[in-house]
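Understanding the architecture of this molecule
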Amino acid sequence: MNINLGRRLFAAGAAALALPGLARAQPAMQIAIATGTTGGVYYPLGGALANYMSRSIPGMSATVEVTGGSVANLQLLGANRVGMVITQVDAAVDAVRGNDRFRGRPVPVRAIAVLYTNRMQVVTVGSTGITKMADLKGRRISTGAPGSATEVMALRLIEAAGLDREKDFRGRERLSPAESTNAIKDGKLDAYFFVSGFPTSAITDLGASPGVQLVLIDHHEFIPAIVEKYGPVYFPEEIPAGAYPGQTAPNKQMSVANIVGVREDMPADLVGKILEVMWSNRQDWAQVHSAARDFTLEVQKTAAAGVPWHPAAETFWKGQGATLA
């Protein structure tokens, strides 16, 4: 079994070896957490989690990986290059089943916790005149970074809205949210898709820009067609007015849950320790980003997780009083 928990000597320990009479440093257990782009929510939450784990689990050195997002994270997990991921449920379901980007390469990912809801945000500005999905035809858009669940979800929404991703746009970029915001500011892009918790820094930045009127496009009416084709992993929610600077109306959008995932062969005792750390630090975690406020006992549901639980996670959550059903 290899879950990327490689062993190495800390630099301080290596230096100590060169000094007579000093004890040999103990090796540290390393684990990498795959997150997302720096403009999203996964990255700050993953960074805080790595910090909690490093200071609370003896011998642990946890780090974060900046990635394109959920799809890339799961591919890294499948290749044993990381030990933990934060991912959207739809991408995790595809990974377990070996569908779409994972065709022929299923990933043995198991859920250890349900975190918060990710919101599909279709972002533009008032000067474009775009107010609905149909208005995107003939425009320049970005559907998210390569390897992101944003891209997966965006293409499914585009399809459900009756648009052809290859023919109906003047240009389709694959940019991070921060890059997309800058491209809109520079007049090089008309709209972009981003799936995350809210508020997210890239969209806040756009809304706070002088002379810009932020617009979030409603798309809730397309959810039934998406669910019919891809399964019941999506559901309607609203981003309340005022969540972002200049956002004057609630945004009726499509949501999906996020989970923390590991490989099925991660040792049960390690899963238990990680969950103890996550749960005991949940209040501090919510100070890092407000999305973590939704990390509660009530959301630990099998249906929300989407993929099978790691057995140690089932044991942990039942011990906390969760029903899981």
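The structure this text deals with has already been given above.
Residues numbered from 1 in each chain as written. Predicted model: local features only at pLDDT ≥ 70, side-chain atom pairs only at ≥ 80, totals over all residues. Heavy atoms only, no water.

1. Some remarks on empty space enclosed by the protein
Where we set the bar: Buried and open spaces are told apart on a 1 Å grid over the protein atoms alone, a cavity being a set of points where a 1.4 Å probe fits but cannot get out and a pocket being an open set with protein on both sides within 12 Å along at least five of seven lines. Residues with an atom within 4 Å of a point are the lining residues. Grid points are joined across faces, edges and corners, and a volume is the space filled by probe spheres set on the points. Only runs of H or I of at least four residues qualify as helices and only runs of E of at least two qualify as strands under DSSP, and these elements are numbered from the N terminus. Under the scheme applied here, ten amino acids are nonpolar (Ala, Val, Leu, Ile, Met, Phe, Trp, Tyr, Cys and Pro), four are charged (Asp, Glu, Lys and Arg), and all others, including Gly, are polar.
Summed over all chains, the structure comprises one cavity of 30 Å³ or more. Taken as a whole, the largest cavity encloses approximately 180 Å³ of empty space. Lining the largest cavity are 21 residues; nearest its centre among them are Gly68, Gly69, Thr150, Phe194 and Val195. Taken together, the elements giving at least two residues each to the lining of the largest cavity come down to helix 2 (42–56), strand 5 (109–125), helix 5 (149–160) and strand 8 (191–196). The element that contributes the greatest number of residues to the lining of the largest cavity is strand 8, accounting for three residues. Taken together, the residues that form the lining of the largest cavity break down as nine nonpolar, 12 polar and no charged.

2. A closer look at the nonpolar core
The condition is simple: Think of a nonpolar core as a cluster: buried Ala, Val, Leu, Ile, Met, Phe, Trp, Tyr and Cys residues, connected wherever their side-chain atoms sit within 4.5 Å. To sort residues, take the accessible area from a 1.4 Å probe on protein chains only and compare it with the maximum for the residue type: under 20% means buried, over 50% means exposed, and anything in between is partly exposed. Note on contacts: a residue pair is in contact if any heavy atoms of the two residues lie within 4.5 Å.
Ranked by size, the top nonpolar core spans 91 residues in total, and within it Met53, Met84, Ile112, Leu136, Met278 and Trp317 carry the most contacts. Broken down by element, this core gets its largest block of residues, nine residues, from strand 5. Here Met278 is in contact with Leu49, Ile112, Ala113, Leu115, Val260, Trp285 and Phe295, once residues within four sequence places are set aside.

3. Regarding the side chain of Asp168
Within the secondary structure layout, Asp168 lies in the loop between helix 5 and strand 7 (171–173). Ignoring anything within four residues of it in the chain, the contact list for Asp168 reads Leu136, Lys137, Gly138, Arg139, Gly162 and Leu163.

4. Regarding the environment of Thr87
In this fold, Thr87 is placed in strand 4 (residues 84–88). Sequence separation between Thr87 and Val107 is 20 residues; the distance between their C-alpha atoms is 13 Å. Setting aside residues up to four positions removed in sequence, Thr87 forms contacts with Tyr42, Ser70, Leu74, Ala92, Ala257, Asn258 and Ile259.

5. A short note on the pattern of salt bridges
For clarity, the cut-off: By definition here, a salt bridge exists when the distance from a side-chain nitrogen of Lys or Arg to a carboxyl oxygen of Asp or Glu is within 4 Å.
Under the defined criterion, the tally for this structure stands at 11 salt bridges. Put simply, Arg101 and Glu151 hold a salt bridge, and the shortest N to O gap is 2.5 Å. Note that Arg101 is positioned in the loop between helix 4 (89–97) and strand 5 and Glu151 in helix 5, a separation of 50 residues in sequence. Arg101 sits in the partly exposed class, given a relative accessible area of 29%. Accessibility expressed as a relative area gives 1% for Glu151, which makes it buried. With a closest N to O distance of 2.5 Å, Glu151 and Arg174 form a salt bridge. Remark: Arg174 occurs in the loop between strand 7 and helix 6 (177–185) and Glu151 occurs in helix 5; sequence separation between them is 23 residues. Owing to a relative accessible area of 39%, Arg174 belongs among the partly exposed residues under this scheme. One salt-bridge network, held together by shared partners, links Arg101, Glu151, Arg172 and Arg174.

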